[in-house]
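Chain by chain, the residues:
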Amino acid sequence: MRLRFVLTRLSLLVVTVLVSSLAIYGAMFLTPGDPATLLVGGSRDPDPAVLAQIHREYHLDDPFIQGYLHWLGNCLQGDFGKSLVYRDSVAGLIGARAADTLALVTYAAVIVLVTGTVIGTVAALRGGRTETLVTTLTAGAMAVPTFVMAVLLIWLFAVQLPWFPVYGSGEGFTGTLKHLTLPAVALALTWIGYVAQVTRTAVRAELRSEHVETARSRGVPEHAVIRRHVLYNASGPVLAVSGVGIAGVIATAAVAEQAFGTGGLGSLMIEAASKQDMAVVQAVSLIFVVVFVVINTTVDLVSAALDPRAAQKGAR
């Protein structure tokens, strides 16, 4: 049953990536305008021979299916084509900026996982005013968009209290950590709310379960009951929402990168889209989709390993 569940999830991963890549290529294929005019300075009357040569070089005139298969085949080999705007290989542009996005997403993900699970667990175990306060604050955090949170953080911690820089990604470990703190917090706050809420609910449900009452009636120490029965059994839904939170951080990273000028893949995609640089937009979008799907698939597989009942349900 577990093998069937794993194969099902991996099949869904492949299908999702293929469908998403087709949608990405189709959206760029249908985009109005001629990207080739970028290479001739946007002239109103460009030389038709020059345009035809550019179209052949960048496969802009290929039929849809032929162009898609050519593009996807090259992507699978690590060749994302050439940028019309930057006059460089797309793979090189992505490689130059991927580290900044990876650092930002990792930083934000750590904040989400640690803060969200700790706050949610404490709220569920203590109850009362603590639980009410946590529920109110996390609900408020979930309602604030990332770009609004970015503006508030810049105003408070860069203007009123000049503690953190608000532009660039910094150099060295300390410099990077300082530069990425505000964008990471702006990305994380919304998802901290989700993780904390689900953690609180899951831990609360386990505290009222029969097996916990049975363990207590047998004289099992409270710390052992919390660790072995409550937290372990609540880890499934917490892990699931944590995976969604990390994927959400990746999906909204472009907003923080633009607001704080960190220069990652998200800002590269936005700049390329504004200039109709299709090759760059397609490649970055595909990378984000693949990472998003892989993370969610990995979470499903780990959740199934922790709770075999999830695998049985998913395999039906």
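Thresholds, definitions, all that
- Residues numbered from 1 in each chain as written.
- Predicted model: local features only at pLDDT ≥ 70, side-chain atom pairs only at ≥ 80, totals over all residues.
- Heavy atoms only, no water.
- Helix = DSSP H or I, 4+ residues; strand = E, 2+ residues; numbered from the N terminus.
- Buried < 20%, exposed > 50% of the residue type's maximum accessible area, 1.4 Å probe, protein only.
- Contact = heavy atoms within 4.5 Å.
- Axes fitted to C-alpha atoms, helices over the stretch in contact; angles between N-to-C directions.
- Left-handed = near helix turned anticlockwise from the far one by under 90°.
- Nonpolar A, V, L, I, M, F, W, Y, C, P; charged D, E, K, R; others polar.
- Phe/Tyr/Trp six-rings, centres within 6.5 Å; stacked < 30°, edge-to-face > 60°.
- Parallel < 35°, antiparallel > 145°, perpendicular 65-115°, else oblique.
- pLDDT = per-residue confidence, 0-100.
- Expected span 1.5 Å × (residues − 1).
- Bend = angle between axes of the 7 residues up to and from the residue.
- Polar contact = N/O pair within 3.5 Å; in protein donor to acceptor, adjacent residues only side chain to side chain.

## A look at the overall build of the protein chain
- For the protein chain, the count of helices and strands is 13 helices and 0 strands.
- Secondary structure of the protein chain in N-to-C order comes out as α-α-α-α-α-α-α-α-α-α-α-α-α.
- Overall size of the protein chain, expressed as C-alpha extent along the three principal axes, is 85 × 55 × 30 Å.
- In the protein chain, which comprises 316 residues, the proportion classed as buried is 40%.
- Of the contacts formed within the protein chain by residues at least 6 apart in sequence, a portion of 73% connects residues at least 24 apart.

## Description of the packing of helix H7 (residues 172-207) against helix H10 (residues 253-260)
- Contact geometry of H7 with H10 gives a least axis separation of 9 Å together with a crossing angle of 145°. Crossing geometry of H7 relative to H10 is assigned as right-handed. On the side of H7, the interface is formed by Leu-182, Pro-183, Ala-186 and Leu-187, while H10 contributes Ala-253, Ala-256 and Phe-260.
- Its residues assigned to classes, the contact of H7 with H10 shows 7 nonpolar, no polar and no charged.

## Description of the environment of Gly-26
- Of note, Gly-26 is situated in helix H1 (residues 2-29).
- As a C-alpha pair, Gly-26 and Gly-67 span 41 residues in sequence and 10.0 Å in three-dimensional space.

## Quick notes on the packing of aromatic side chains
- Applying the stated rule across the entire model yields 7 aromatic pairs.
- The interplanar angle of 75° and the centroid separation of 6.4 Å between the aromatic rings of Phe-157 and Phe-164 together place this pair among those described as edge-to-face.
- A relative accessible area of 22% places Phe-157 in the partly exposed class.
- Ring centres of Trp-191 and Tyr-194 lie 5.2 Å apart, and the angle between their planes is 35°; on these two criteria the pair is classed as tilted. Note that Trp-191 and Tyr-194 are positioned in helix H7 at a spacing of 3 residues, about one turn of the helix.
- Taking relative accessible area as the criterion, Tyr-194 reaches 37% and is therefore assigned partly exposed.
- Aromatic ring contacts, followed pair by pair, group Tyr-25, Phe-64, Tyr-68 and Trp-71 into a single cluster.

## Description of the packing of helix H6 (residues 146-160) against H10
- Closest axis-to-axis distance for the H6/H10 pair is 9 Å, and the angle between their directions is 30°. Classified by the angle between their axes, H6 and H10 sit roughly parallel to one another. The two elements H6 and H10 meet at a crossing, and its hand is right-handed. In contact with Thr-146, Phe-147, Ala-150 and Ile-154 of H6, H10 contributes Val-255, Ala-259 and Phe-260.
- Here the contact of H6 with H10 is composed, by residue class, of 6 nonpolar, 1 polar and no charged.

## Examining the confidence of the model for the protein chain
- Residue-level pLDDT values for the protein chain average 82, and 91% of them are 70 or greater.
- Per-element mean pLDDT across the protein chain ranges from 52 in helix H13 (residues 308-315) up to 90 in helix H4 (residues 90-126).

## Considering the environment of Val-198
- Looking at the element boundaries, Val-198 is found in helix H7.
- Measuring from C-alpha to C-alpha, the distance between Val-198 and Leu-231 comes to 13 Å, with 33 residues separating the pair along the chain.
- Residues contacting Val-198, with those up to four places away along its chain left out, are Pro-237, Val-238 and Val-241.

## Observations concerning H7
- Over its 36 residues, H7 runs only 45 Å from end to end, short of the ideal 52 Å by more than 12%, given 1.5 Å per residue.
- Its axis deflected by about 45° at Thr-181, H7 carries its strongest bend there, up to four residues before the proline Pro-183.

## Details of the side chain of Thr-297
- Along the chain, Thr-297 turns up in helix H12 (residues 278-306).
- Polar contacts involving the side chain of Thr-297 include one to the main-chain carbonyl oxygen of Val-293, which spans 2.9 Å.
- In this view, Thr-297 contacts Arg-9 and Leu-13; residues no more than four positions away in its chain are not counted.

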